[in-house]
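The residues making up each chain are set out below.
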Amino acid sequence: MHIQSPKGTRDMLPKDSFLWQWIEHTMRKEAALASYLEIRTPVFEYTELFERGVGDTTDIVQKEMYTFLDKGDRSITLKPEGTAGAVRALIENKLYAEPLPVKMYYLNNPIFRYENPQHGRLREHHQFGMECFGVKGPTADAEVIMTVLRILNQLGLRNLSVKINSIGCPVCRPSYHEALRAYLKAHFDELCPQCKERYDRNPLRVLDCKEKSCQVIARNAPSILDHLCEECDTHFEGLQQLLNARQVPISIDPQIVRGLDYYTKTVFEIIMQSPRGEMALCGGGRYDGLVKEIGGPDMPGVGFGIGTERIILELQNQGIEAPTREITTVFIASLGEEGRMPAYQLCMDLRVAGIKADFDHMNRSLKAQFRYADKLGVPYMVIAGGDELQRGTVKIKEMKTGDEKEIPLAEAVSTIKAIITQDQ
Ligand code: HAM
């Protein structure tokens, strides 16, 4: 039987590794510049964490989780997002007692959602995310937004739109829900079946429904921004000031409500274009009630998640390639049987000296070894064998210029190192 990868999953192939590592390097660098440290949490958690954390009215919890009973009959779920696990770890390890704020990031966390796979939508994707705990004011919101924008900028991505909104807090949201329900009631029959259910449980989600009929209704819905309490309003104003002060081109979009229940106050998305219209490249926001909800102290939090596969799609859209990196710097070709052991020894010595070196495993002819190295774009070839080897020397050839030099085998490592360094 021909076994394929499960639907909605992708391999990262060796040829793509430079691209992934370039993105990862950029993320790590920018996170470190903003004083965030890495956290790694398990790929699976007890299901209850996500039911409580992400919210049982969300599509993620209702329809998309990979949930199963383990051999001990415990309900386990593969991580459907990164924030709940980070919050669980914060509480379990009492990180909240450390000097505040607690700033952490996760890099290419595998995330599992049982979605209908399509362009940009996978069942396993990888997220970079940042979470900042303990800051009530909007400086933390601005910091995480500025950092993800720096990452995208460093990768060369341009023309992305940043949409921000505030969805209020437990003080002001109930009155908005009331106003929204009153408006939606008049259009109830035109709502899609799912939004009819949302009407009672979570009417805010009607605003970002992808169904055309619901979108038309959402367009004229009352705006949450007219219902914010003073605290939420001041917070939102403050965030805009901080972003404007750095000339971030933001647009305020009261229809950004996000698909997870834990958000309070700030929500934001960075949008890219896809063949099916707009798609979120990054999403995040503030979750001031989540730490307490999961059993920790009353501690605010704010963060975002960004999908690496979507970054790669957008890099392709914008025609951006990863900076090329050499796979092998020196290939040690062997001429004849007697050249094999010296080639192998020299290769190992060059690796010890920190030089990317390779040799022939395939018993190829000298000509075929050159062809192979040429395909890999190796800049230097060393040839071990023939008369030179009899004389205790090897030949080094710079592929770009064709220049050749005979060097003593006993000093080959230091001489090759000197040649490479000089040429750089
Ligand atoms: P999210 O908006 O559900 O937020 O996901 C964040 C990002 O993950 C999306 O913007 C997108 O790039 C990527 N993504 C989501 N679903 C898929 C999929 N099926 N296939 C490919 N990529 C996908 C969260 O998960 C929140 N935990 C973000 C957050 C962190 N908020 C505060 N802190």
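Note that the structure is a prediction, hence the values are computed from the model and not measured. Residue positions within a chain follow its written sequence, with the count starting from 1. Totals for whole chains, interfaces and linings use all residues, but because this is a predicted model, local features are given only for residues with pLDDT of at least 70 and pairs of side-chain atoms are given and counted only at 80 or more. With hydrogens and water stripped out, all remaining heavy atoms of the structure feed into the side-chain values.

**Some remarks on the domain arrangement of the chain**
Often the size quoted for an interface is simply the accessible area lost on bringing the parts together. With domains assigned, the chain is organised as domain 1 (14-157 + 251-317) and domain 2 (330-423). Each domain's limits were defined by an automated method or a database of domain assignments. One C-alpha centre belongs to domain 1, the other to domain 2; they are set 47 Å apart.

**Regarding the nonpolar core**
In this structure, V87, L90, M104, F133, L184 and L207 are the most contacted members of the largest nonpolar core, which totals 52 residues. The way it works is that DSSP assigns letters per residue, a run of H or I at least four long becomes a helix, a run of E at least two long becomes a strand, and they are numbered from the N terminus. Among the elements of the structure, helix 2 (47-53), helix 3 (59-64), helix 4 (83-92), strand 5 (102-112), helix 6 (173-185), helix 7 (193-201), helix 8 (212-219) and helix 10 (290-293) are those that each provide at least two residues to this core. The greatest single-element share of this core, amounting to six residues, is contributed by helix 4. In terms of nonpolar packing, the next biggest core, distinct from the first, is built from 45 residues, A140, L239, L313 and I320 among them. Put simply, buried Ala, Val, Leu, Ile, Met, Phe, Trp, Tyr and Cys residues joined by side-chain atoms within 4.5 Å make one nonpolar core. Think of it in three bands: residues with accessible area under 20% of the maximum for their type are buried, residues over 50% are exposed, and the middle band is partly exposed, with areas taken using a 1.4 Å probe on protein chains only.

**Side note on the packing of helix 5 (residues 139-154) against helix 9 (residues 230-245)**
Note on method: axes are straight lines fitted to C-alpha atoms, helices fitted across the in-contact stretch only, with angles between N-to-C directions ranging 0 to 180 degrees. Between helix 5 and helix 9, whose axes approach to 9 Å, the crossing angle comes to 40 degrees. In terms of their interaxial angle, helix 5 and helix 9 are classed as oblique. Helix 5 and helix 9 meet at a crossing whose hand is right-handed. Here T139, D141, A142, I145 and M146 of helix 5 come into contact with helix 9, specifically with H235, L239, L242 and L243. Relative orientations are named as follows: roughly parallel for angles under 35 degrees, roughly antiparallel for angles over 145 degrees, roughly perpendicular for angles from 65 to 115 degrees, and oblique for any other angle. Each crossing gets its hand from how the near helix is turned against the far one by less than a right angle, where anticlockwise is left-handed and clockwise is right-handed. For this analysis, residues touch if any pair of their heavy atoms sits within 4.5 Å.

**Some words on the site of the ligand**
Residues in close proximity to the ligand total 27 residues, the closest being E81, E115, R258, Y263 and L281. Within the side chain of E131, a nitrogen or oxygen atom sits 2.9 Å from a nitrogen atom of the ligand. For the ligand, a nitrogen atom lies 2.6 Å from a polar atom in the side chain of Y263. Put simply, the parts of the chain that give the shell around the ligand at least two residues each are strand 6 (124-133), strand 10 (277-286) and strand 11 (301-307). Take the shell around the ligand: its biggest share by element is six residues, from strand 10. Under the scheme applied, nonpolar residues are Ala, Val, Leu, Ile, Met, Phe, Trp, Tyr, Cys and Pro; charged residues are Asp, Glu, Lys and Arg; polar residues are all the others, including Gly. Residues that form the shell around the ligand fall into these classes: ten nonpolar, ten polar and seven charged. A single heavy atom is enough: if one lies within 4 Å of a molecule or strand, its residue is considered near that molecule or strand. Here a polar contact means two N or O atoms within 3.5 Å. Within protein one must be a hydrogen donor candidate and the other an acceptor candidate, and residues neighboring in sequence count only if both atoms are side-chain atoms.

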